[in-house]
Amino acid sequence: MAADIRERLQFRYGCRYVTSYNSPAGMTNAERQRRYRERRAAGEPVRTVVQPKDRRPRPKPWADAVDQLRTLQADYEAWRDQLPESLADSRTGDGTNAC
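A few points on the structure. (Residues numbered from 1 in each chain as written. Predicted model: local features only at pLDDT ≥ 70, side-chain atom pairs only at ≥ 80, totals over all residues. Heavy atoms only, no water.)

**Digging into a nonpolar patch on the surface**
Step number 1: On the surface, Leu69, Leu72 and Tyr76 cluster together into a nonpolar patch covering about 320 Å² of accessible area.
Step number 2: As for its placement among the helices and strands, Leu72 is situated in helix H3 (residues 59-81). (Patch = residues over 30% accessible without salt bridge, like charges linked within 9 Å, V, L, I, M, F, W, Y side chains within 5 Å. Areas by Shrake-Rupley, 256 points an atom, 1.4 Å probe, with all protein chains shown as cover. Salt bridge = Lys/Arg side-chain N within 4 Å of Asp/Glu carboxyl O. Helix = DSSP H or I, 4+ residues; strand = E, 2+ residues; numbered from the N terminus.)

**Things to note about the environment of Asp81**
Step number 1: Counting through the fold element by element, Asp81 comes out in helix H3.
Step number 2: Spatially, the C-alpha atoms of Asp81 and Thr96 are 9.8 Å apart, while their sequence positions differ by 15 residues.

**Here we look at the pattern of salt bridges**
Step number 1: Enumeration according to the criterion identifies 3 salt bridges in this entry.
Step number 2: Note that Asp64 is salt-bridged to Lys60, the shortest N-O span being 3.4 Å. Separated by 4 residues within a single helix, Asp64 and Lys60 lie in helix H3, roughly one turn from each other.
Step number 3: The partner of Asp81 in a salt bridge is Arg80, and the shortest N-O contact between them spans 3.9 Å.
Step number 4: Arg80 sits in the partly exposed class, given a relative accessible area of 24%. (Buried < 20%, exposed > 50% of the residue type's maximum accessible area, 1.4 Å probe, protein only.)

Note that all results are geometric; they support no functional claim without further evidence.
Structure (structure tokens):
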């Protein structure tokens, strides 16, 4: 029954369902809702994933990002300085000197 509904929806909307990590095939919204209600009726505990918040003051992440950009810039400058002369005089070398 559910596979028939999926096939009709796939034909109608031209999309494929993403398979869930704990089911052999993708589920329709109705199947997902039925499964949710069955778990709640069985008294299964609700599993939630809480991402830890970044509790640092705003300037700290900004300073970290600036430090990362400066590190990248130094790496790119070192790469540019090691270019062979044949590439340094080409469009590649000219493009790296523009910044």
